[in-house]
Amino acid sequence: MPTVARWWSSRTDPQRIDLYTRSSYYTTLVFVPVMLFFAAASDWVTASAWHPVVLLGSSVVTTAACLVLTRRGFHDRAAGPDRPALLVALVAGLITVLAALAATGEGPAPAAPWVTGLVGAAVLLALSVTVPTRPLVTGAAVTGVLAGAVALAEGNPPAAAVAIGASIGLAVAFFVTAFRFSVWILDVVLEMERTRGVQAQLAVAEERLRFARDLHDVMGRNLSAIAVKTQLAAELVRRGRDGAAEELADISRVAEESLREVRDVVRGYRRTDLPGELAGARSVLRAAGVGVTVTGEEEAEALPEPVQAALGWVVREAVTNVLRHSRASWCSVELRAAGGEAELQVTNDGAPGAGTAWGNGLTGLAERLAATGGRLSAGPAGDRFVLAATVPVRVSA
């Protein structure tokens with residue numbers, strides 16, 4: 001049982017809804033032959049042993065064709081219903097209805113009409129995976145008309161036949177639209193999941209664009225200066241004039257400045273700025289569709305630069321894990337500074353089934369914090385995932 005619970009908790013919400021919807025369809029269709037057989041058995045007066053055999057066999061074929069139709073519909077809903085499977089289901093369903101008519105007695109008995117309704121409900125249920133609601137309601141009305149005609153053929157009075165057909169049509173319509181609604185919910189959830197993935201990709205692309213823009217701003221001007229000064233120094237050397245050494249020294253200075261600025265860009269900012277990291281985390285998470293609350297930004301401004309640098313890495317790693325490895329709907333980032341320590345805690349609801357093993361990112365982050373005398377803890381806490389980092393306020397650069 002724990003294995004089943006662990007397997008269930010490891011699946012995402014869309015996967016759970018998809019599994020629930022599919023199992024509901026398959027379970028219902030599997031019971032169709034049993035329901036058909038007992039519906040006909042309530043009015044069983046046949047003298048031939050072949051009628052029950054034909055009834056049961058054709059109902060099994062109808063169910064098998066509906067299962068194939070349902071499975072292929074879930075596999076590719078845009079392709080529409082599978083026509084060969086639909087044709088087999090309709091033909092086998094017709095044989096089932098005729099067998100029920102032959103096997104049940106004549107007179108005011110509802111067995112054969114309800115067999116007609118069950119066959120129609122099974123076929124429409126399989127179609128509801130790919131067919132919109134309005135055609136399904138029309139199909140339910142047609143099923144009701146056919147059930148009424150079968151009731152009339154069995155010798156029921158016209159008023160009773162109309163009542164039977166109307167009740168069966170309404171029951172089938174309610175039954176099929178309920179299942180169609182579950183498929184609609186599944187489509188909405190899957191679309192939201194795809195949208196969230198796109199939002200996360202856009203957030204990552206926005207961060208890459210920011211990095212490219214900063215890199216261009218830093219390197220564009222300096223490389224242009226290096227190119228111009230190199231040409232000037234070469235021209236001075238070629239003409240034998242003074243000043244080439246000064247230009248080369250200036251080129252070396254610009255190159256060293258560029259190297260320093262590129263290192264700052266790779267770190268994310270040209271100066272360590274924990275409030276900026278917190279603001280960036282809020283922006284990226286919101287862009288990815290995750291509700292986020294950030295507290296302690298005022299305290300972040302008062303922290304020493306080495307502490308801000310260490311906690312800045314924690315913010316980046318935590319946000320990256322939320323976007324890439326969780327299905328969080330909300331995330332909170334809390335910063336507290338008291339007792340000579342600064343503590344940063346990031347909590348989200350996106351990893352209820354997460355294990356305690358750390359990846360390379362958290363392992364490297366723990367090593368980085370250990371170098372400053374800090375410590376890191378991360379793991380599930382109930383239905384949440386909590387990452388907490390503590391750094392002494394007075395740490396060496």
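Residues numbered from 1 in each chain as written. Predicted model: local features only at pLDDT ≥ 70, side-chain atom pairs only at ≥ 80, totals over all residues. Heavy atoms only, no water.

Colleague: Hey, could you run me through helix H4 (residues 50–75) in this one?
Modeller: Between its terminal C-alpha atoms H4 stretches 37 Å, which fits the 38 Å expected from 26 residues at 1.5 Å a residue. Along H4, the residues classified as buried are Pro52, Leu55, Ser58, Ser59, Thr62, Thr63, Ala65, Cys66, Leu69, Thr70, Gly73 and Phe74. (Helix = DSSP H or I, 4+ residues; strand = E, 2+ residues; numbered from the N terminus. Expected span 1.5 Å × (residues − 1). Buried < 20%, exposed > 50% of the residue type's maximum accessible area, 1.4 Å probe, protein only.)

Colleague: I tried to follow the packing of helix H5 (residues 83–103) against helix H6 (residues 111–127) on my own but got confused; where do I start?
Modeller: Relative orientation and spacing of two packed helices are given, respectively, by the angle between their axes and the distance between those axes. Axis separation between H5 and H6 bottoms out at 9 Å; the angle between their running directions is 170°. In terms of axis orientation, H5 runs roughly antiparallel to H6. Contacts from Leu86, Ala89, Leu90, Gly93, Thr96, Val97, Ala100 and Leu101 in H5 reach Ala112, Val115, Thr116, Val119, Val123 and Leu127 in H6. Residues belonging to the contact of H5 with H6 are distributed by class as follows: eleven nonpolar, three polar and no charged. (Axes fitted to C-alpha atoms, helices over the stretch in contact; angles between N-to-C directions. Parallel < 35°, antiparallel > 145°, perpendicular 65-115°, else oblique. Contact = heavy atoms within 4.5 Å. Nonpolar A, V, L, I, M, F, W, Y, C, P; charged D, E, K, R; others polar.)

Colleague: Quick question: what am I supposed to make of the environment of glycine 350 here?
Modeller: Tracing the backbone through its elements, the reader meets glycine 350 in the loop between strand S3 (341–348) and helix H13 (360–370). As for glycine 350 and alanine 328, which are separated by 22 residues in sequence, their C-alpha atoms are 3.4 Å apart. In this structure, glycine 350 is in contact with Ser326, Arg327 and Ala328, ignoring residues within four places of it in sequence.

Colleague: I keep staring at the nonpolar core and nothing clicks. Help me out?
Modeller: One recurring pattern in soluble globular proteins: nonpolar side chains tend to sit buried together. Core analysis: the largest hydrophobic core is formed by 43 residues, its most contacted members being Tyr25, Cys66, Val115, Leu124, Leu127 and Val172. The set of elements that each furnish at least two residues to this core consists of helix H2 (13–30), helix H3 (32–41), H4, H5, H6, helix H7 (133–153) and helix H8 (158–239). In terms of residues, this core owes the most to one element, H6, which gives ten residues. Apart from the residues lying within four places of it in its own chain, the contact partners of leucine 127 are Leu69, Pro81, Leu86 and Leu136. Among the nonpolar cores identified, the runner-up in size contains 36 residues, and Leu278, Val314, Ala318 and Leu365 belong to it. (Core = buried A, V, L, I, M, F, W, Y, C linked by side-chain atoms within 4.5 Å.)

Colleague: Quick question: what am I supposed to make of the sheet that holds strand S2 (residues 330–338) here?
Modeller: In sheet architecture, strand pairing relies on hydrogen bonds along the backbone and comes in two forms, parallel and antiparallel. The five strands are arranged S1-S2-S3-S5-S4 in an open sheet whose pairing can be described as mixed. Every other strand in the sheet has two partners, leaving strand S1 (291–295) and strand S4 (375–381) as the edge strands with one partner each. Across the sheet, the mean angle from the axis of one strand to that of its neighbour is 10°, orientation sign disregarded. Relative to strand S5 (residues 384–392), S3 runs antiparallel, the two being bridged by eight bridges. Note on S5: the bridge partner recorded for glutamate 343 is threonine 390. Each of S4 and S5 touches H13; the most contacted strand, S4, lies at about 145° to it. (Pairing = 2+ DSSP bridges.)

Colleague: Explain a nonpolar patch on the surface here, please?
Modeller: Side chains of Trp50, Val53, Val54, Leu87, Val91 and Ile95 sit close together on the surface and give an oily, nonpolar patch of about 590 Å² of accessible area. Elements with a minimum of two residues in the nonpolar patch: H4 and H5. With respect to the helices and strands, isoleucine 95 occurs in helix H5. (Patch = residues over 30% accessible without salt bridge, like charges linked within 9 Å, V, L, I, M, F, W, Y side chains within 5 Å. Areas by Shrake-Rupley, 256 points an atom, 1.4 Å probe, with all protein chains shown as cover. Salt bridge = Lys/Arg side-chain N within 4 Å of Asp/Glu carboxyl O.)

Colleague: Just checking my understanding: could you explain the pattern of salt bridges for this structure?
Modeller: Taken as a whole and assessed by the stated rule, the structure comprises eight salt bridges. Note that glutamate 297 and arginine 282 form a salt bridge whose closest N and O atoms lie 2.5 Å from each other. Taken together, the residues span a long stretch of sequence, with glutamate 297 in helix H11 (residues 297–301) and arginine 282 in helix H10 (residues 274–287) at a distance of 15 residues. Its relative accessible area of 18% is what places arginine 282 among the buried residues. The closest approach of N and O atoms between arginine 336 and glutamate 343, which form a salt bridge, is 3.4 Å. With a relative accessible area of 25%, glutamate 343 lands in the partly exposed category.

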